[in-house]
Each structure stands twice: as structure tokens, then as C-alpha cells.
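So you can see what is in the structure, the chains are spelled out below.
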Amino acid sequence: MSVGDCAIVTELDPTLHPLVARRLADLGFAPGTQIEVLRRAPLGDPVIYRICGYEIALRSAQTKFINVELKS
Amino acid sequence: MSGQHCEPSGRSTTDTRGLDRFALVGNPNSGKSTLFNSLSGLRAKTGNYPGVTVAKYEGRARLADDFVVLEDLPGTYSLDAISPDEHVVVDVLEANGEISATPDGVIVVVDATTLRRSLTLLAQVLQRGLPTCVALTFTDDLQRRGGRIDIHALTNALGVSVVAVTPGDRGQVTNLKQTLARWRDWPAPVIAPPTDAAETAAWASSVLAAANYVEPDSDARTSRIDAVLLHPVWGTAVFFAVMFAFFQTIFVVAAPIQGWIEGIFAWLGEAAAQLISIDWLASFVGEALIGGVGGVLVFLPQIALLFILIALLEGSGYLARAAFLMDRVMAKAGLEGRAFVALLSSVACAIPGIMATRSLPSARDRLATMMAAPLVTCSARLPVYILLIGLLVGPDERYGPVNLRGLILFAMYVIGAVAAMSAAAVASKISRAGGRLLPFYMEIPPYQVPRARSVVAAVWSAVGAFVKKVSSIILTTTIILWLLLNFPQHTDAEMQAHGVDTSSEVAVSSYALDNSFAASIGKAVEPVFEPLGFDWRINIGLVSSLAAREVFVATLGQVAAAENPEEPALALSQMKVLDGPNEGEPLFSPATIAALLMFFAFALQCMSTVGVLRRETGSWRWPAIAFGYMFALAWVAAFIANRVVGAFG
């Protein structure tokens, strides 16, 4: 995804540790939620996303476990 | 800042037994601590939960006719705890928790602009079954950003009391207090919300729909500011400018205030010397008591300024942005952006730096940062560096257009920063083998104008703790040191028997020093420090500086039997090597000074830091490791510096 893109969370990778998966869900990364890419850090990582009305920075190490479907 | 007893004891006004207790639970940035400050004023006291490394904030709020106790729990997104902070929240809410009394009621602080996310935490709190009410914050922001909520409908949908509260609004705060007074009659939900993640999400959706919730638009003001402050080029430039201003403020603004404090204590010392006719008592009061306290209080302006600046950066929301910008760089050392804040604080003092690691969710990151923080050039090293660099080069010496003293001082800061990052990288690599990697996530809150009350509360508790804890350690050390330097006492006859001219004050004090307990210690450790070019007089300074680095300056002043205690540097520069092949040459040769600079750059000469490490890690293991590895580094670096500079100088 690049800056400005919107997507819908489809699922959290089942290989994710249950506590981490639960935390991401508690932060709003539940299936069906819309996320938007707001901006990247100067060196490319982490990235700020907008979800559930707030902004959160995640590293690619975490986001690679969040599967999404890009909205056109 | 070691130990748990920082609350004033024995004062009945702070006795909280028998009062109703309420715990404040909420997401980070939900306005929870602001609300806590607004309810309890500056009556808050800080301590530690027993057995864990998490700070405990407790305060009293006055309701209509009685006081109640408020406990500000660490901010958390979930009760499925990962970090030590979160485990505390879970434990407190447990019916038979181990570390704190179960509260009579829970106030869940809910940010109206992030209601969906806050509801997942509220659901988890409601499952615990304690009497609960909701304090809804930022309703003004919600409205400003085009969002909407029907509080009455939200109350019905949740089945618990909901009070909208803006911390500055007296009417709303009073309203919340009235709700607290009625806690025995608080409604409870008919059915507790579901526990499963997907079901909780569905429950939250139904509550939001019932309350006619309209999510706010993104904050236009924040987006406009971030377009600049998080811009790849401009954002980086602003970041460096902010950091530059940060240091300039800490050192430049604090300098004149520090000058006044030094002046006051110098005057007090002279006054004591004149007023007290008994020589040893005058020396004890002037050097040990007044000198010891003054040596600590001189750093108070810097500590206060540091906490003001950090509170401002944090309250405005910039600190999260700085951590975001620095995250990739910190990742190189195996850390995350928030560790940057801890290392930055360590520039003033490693103690607040180590305490700032509490915001790190990963225990591994906390440990790595704590092992690195004492290597950052702290303000206690500054007087030592200034003294040593002053002995090394003249005030007007230049390297090209640059003042040489300033250049060396800057180099010492760079050495500290590089050493800290390398130590963090090593520590994190070693411990990575054992621990599971925790997820990195960091909320980027909307910008706000920092609240004066929160800034004052942060500075007040930090300054109070600094004065109480650190001065006790430094004061004790200076007293012990004074005793070691001045005892055993010698009679005139004894001195004359050793050929001392007892009519000469200099000869007497030099004999007393040579035969003091301190000299025996200095000579005993000579084999360790001789390869670095240090003689027993420097060793006394090193041994005493193990308590606190800045004691070194005062000790050398005493050791040099300085005729001019105001300017120890002058007396020191005239000290000569007493024996050995270099006898008669200046003791503070460039090689020795370089070795001393390196030793102070790396060694953990700070008992307060050791105490805080013990408290924050819960065992003596980590402070012992930190002390050991830093001493080894310091010795090796000093040895190399001594040989290299000796060869060229």
C-alpha cells in the first residue's frame, strides 16, 4: 500500500502470537475495519495509519501479518 | 531515587486508610492523567507498586463532604496484558490482587474521539464486575471535528453512568465528583459485554449505533501541522532544530540560575567559616554539609527545565512524532522510537532516563535501554569535563575557527551517544535470543496545547524526588568523605616527631591528608589505576566519585588543599607528581587528563543510578552487570587514551 491508499482488513495472520493478535484487534485491526495510509517515516518505516478515527504508527514487521483488501 | 518511601510519612493529612478508593483506567492519551490532576490537584504522591517496576500515582479528591482516594493506573489499550504496566492494571482490578487494594469503584476514562477503540477496553473492565462509571473526555474536540454522540443514549446502551468531562471545566468536574459520591448506587449493565475479540467488536458497533455516534473527521489542524513536521525533509530539519533548542535551553537558560545557586552556597560556606570558631566544625559544615547540598542543588535548574521541556513536548503531542521519526534509527540498535525519549532524558540525568523506559511495552527494550542510559553524557559529568578540559587547554585555544574547549566537550557528548547506542545494540542482541518480540505500535495523538497544570505536576514531582533522594545519597557521601579525609587526627607532638613544621598551616594539612584514611584507600587501589597514570590523590577523587560524579570536583579541591577553594582548577594545575620516574612533572599531564576524561565517559559512578536500576529491574543482577561492564570499558578506554596521548604529547 502507498500513501493515500484505503483498504479493508480481511484477517490477521493465524501464525501471529495470540496475545499480539488480540492486541492488534483491541487497537481496531479487526476484519471489516477500514484503514488508510497517512504517511511514511523519512526512512520508509514505520508508517502512520488512520483507523477507527485515530492515527497509529506500525512497523512493517507487524503490518505484514495484517491481510487487507485494497479499496479502489 | 531509590527505595519506595517517597511520600511524606507521619502526616495525617495524607492518610488514605478507610477512604473510598477509585481507580482511573483508560487508553494512553485519553486525558486520564489530566483528569487525575484536575481532581486531585498537586496533592498527588508517587511511589511504586511493590515488587514491580511500575510507578504508582495516588491522590485525594475532595467530594462534597469527604475525601476519596484516586489511583491513576498506567494507560493501557487492553486488559490482555503484555507489558509490566498493563499487568499492574489487571492486578489492581482483580478481586484479590497482590499489589494494591481493590478499588471500590472504577472510572473508565473514554476519549470521545476514539470511542470504538475505547469501548474494547471498557468491555474488558466491565467483565471484572466492579462498580464502574465512564468519564467521557474530548467531547468538545469531537464536536469541533464534525463528530456526534448522544450521551443519554450511550448511557442506556452501556448500562453504566456516563459523565462528559473536560478537565478545565469546573461545572463538569463537579458533576463527576457528585457521581463519584453516589458510587454505591451506580447502575451495572444487565449483561456483561462479550469477551471474544470478534464479539466485542460487534458489541462496540451496536453501542455506537445506539448512541448515534458519528466518528470525527481527521483533525484538520493536526494534518496541516504534520504535513510539515512529519515531512521527510522539513520534518527531519525541524526535529534537529527542536533537539538543538532543547539542549540550548537546558544548558544556556539554566546556567545563570546555576550561577546564583553556586553563589548562594559559596556565601553560606564563607559565612559558616567565619561564624564557627571551631576549625573542624567549620570545615565540616562548610565543606561537607553546605558543599554537599550545594553540589546537588546546582543541578536542580537543569532537572526542572528538562522536565518542563519533556512535559511540553509530550503534552503537545510532539514527543510521539519525534519517536516516530527516530524509530528507524533506534531500530538499528535493536530498540524502538520511544527508547529515544529515554536516552534523550539521560542527557540531564540517567535517573529520569531510566524511569522513562516505563513507557516501553517490551521488557527486552526496557532492559537494553536501561543498560545504555548511564553512558549518555549526563549533567553530572559536565562539571568534571569542564574542570578537566580547563586543565587541558587554554580558554582561547582554537582549532581553525572553533574554540578547542567547546570542540572537546562536543566530542565527549558524541562519544557518550555512540557508546550508549552500541551498548543498547549489544544488550538487545544478547537478550533477543531469550525473549519473544513484542509488537511495536504507537498512537500519534492530535496536537494539543499542553496544560499548565500537567506540566507543573510533572515538574513538581520530579524536582521533589530529585532533591529528596539524590541529596540524601550525595550528602551522606560527602560527610563520609570528609571524615575519611580529616581523620585520624594528629597531635602536634606526633607531627613534630615526623619532622612537620606545625607552625605552617599548609604543612599540617598536607601531613593530615597524607596520613588520612582516604589516603590509605587511595594508595590501596593504586595498582588498579596506576596503568592509567593516576596517583593516589586522583584515586581518592575516583573512589569518592563512585557515589556521584560531581563529588570528584569537590574532592580534588579538598585533596589539593586548595588555597582557593573557589577555583580548584588553579590549585590543581600546580599539582606535581610526588614520586616515581616522572617526579616533579605536572600531575595533570595531557595523557592523565585524557585518561580521566575517558574514565568519566564510561564508568558508572553514580549510586543513585545503581539504586534506580535495582528498583526498576527488581534485582541486583542488572546494576551489577552495568557497573561491571562500564568499569571495564572505562578502564580500557582510559588506558588507551593515556598511551595514545602520552605517545603524541
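As a convention, each chain's residues are numbered from 1 in the sequence order in which they are written. Whichever chain is written first becomes A and whichever ligand is written first becomes 1, with later ones labelled in order. Owing to the predicted nature of the model, reporting of local features is limited to residues with pLDDT of at least 70; listing and counting of side-chain atom pairs is limited to 80 or more, with chain, interface and lining totals taken over all residues. Note that the side-chain values use all heavy atoms of the structure and ignore hydrogens as well as water.

What about the interface of chain A and chain B?
Between chain A and chain B, the contact holds 27 residues from the first and 44 residues from the second. In short, buried area is how much 1.4 Å probe accessible area vanishes from two parts on joining, totalled over both. Counting the surface lost from both chain A and chain B, the interface buries some 3200 Å², and carbon and sulfur atoms represent 60% of this. Criterion for a salt bridge: a side-chain nitrogen of Lys or Arg within 4 Å of a carboxyl oxygen of Asp or Glu. The interface formed by chain A and chain B includes 3 salt bridges. For Asp80(B), the salt bridge goes to Arg22(A), with nearest N and O atoms at 3.5 Å. Labels follow the DSSP assignment, with helices taken as runs of H or I lasting at least four residues and strands as runs of E lasting at least two, numbered in each case from the N terminus. Within the residue set of the side of chain A that touches chain B, elements represented by two or more residues are α1 (18-26), β2 (34-40), β3 (47-51) and β4 (54-58) of chain A. Here the element with the most residues in the side of chain A that touches chain B is α1(A); it accounts for 6 residues. Contacts between residues were defined by any pair of non-hydrogen atoms, one from each residue, lying within 4.5 Å.

A closer look at the nonpolar core
Grouped burial of nonpolar side chains is what soluble globular proteins tend to show. Residues and elements named next belong to chain B. Side-chain atoms within 4.5 Å are what join buried Ala, Val, Leu, Ile, Met, Phe, Trp, Tyr and Cys residues into a set we call a nonpolar core. The cut-offs for exposure are 20% and 50% of the maximum accessible area for each residue type, with area from a 1.4 Å probe on protein chains only; residues under the lower value are buried, those over the upper are exposed, and the others partly exposed. One finds Phe324, Leu542, Phe552, Phe588 and Leu596 to be the most contacted residues of the largest nonpolar core, which totals 116 residues. The biggest single contributor to this core is helix α26 (residues 590-602), with 10 residues. Ranked by size, the runner-up nonpolar core spans 37 residues in total, among them Val106, Val134, Leu154 and Ala211.

Things to note about the side chain of Asp111(B)
Residues and elements named next belong to chain B. Structurally, Asp111 can be placed in strand β5 (residues 105-111). Within the buried set, Asp111 has no salt-bridge partner at all; the shortest N-O distance to an opposite charge, 5.3 Å, is to Arg117. Whenever a nitrogen or oxygen atom comes within 3.5 Å of another N or O atom, the pair is scored as a polar contact, on the condition that within protein one atom can donate a hydrogen and the other can accept it, and that pairs from neighbouring residues in sequence are kept only if both atoms are in side chains. Separated by 2.7 Å, the side chains of Asp111 and Thr113 make a polar contact. Those residues in contact with Asp111 that sit more than four places away from it in its chain are Asn29, Ser30, Ser118, Thr137 and Phe138. Working convention for charge: Lys and Arg count positive, Asp and Glu count negative, and His plus the chain ends are omitted.

What to know about the sheet that holds β3(A)
DSSP calls a pair of strands paired once it identifies at least 2 bridges connecting them. With respect to topology, 6 strands assemble into an open sheet ordered β5(A)-β1(A)-β2(A)-β3(A)-β4(A)-β10(B), the strand pairing being antiparallel. Sheet topology places β5 (66-71) of chain A together with β10 (441-443) of chain B at the edges, where each strand pairs with a single neighbour. This sheet shows a mean twist of 40° between the axes of neighbouring strands, independent of strand direction. With 6 bridges connecting them, strand β1 (residues 6-12) of chain A and β5(A) associate as antiparallel partners. Bridging from a neighbouring strand, Ala7(A) pairs with Leu70(A) of β5(A). Comment: axis = line fitted to C-alpha atoms, over the contacting stretch for helices; angle = value between 0 and 180 degrees taken between N-to-C directions.

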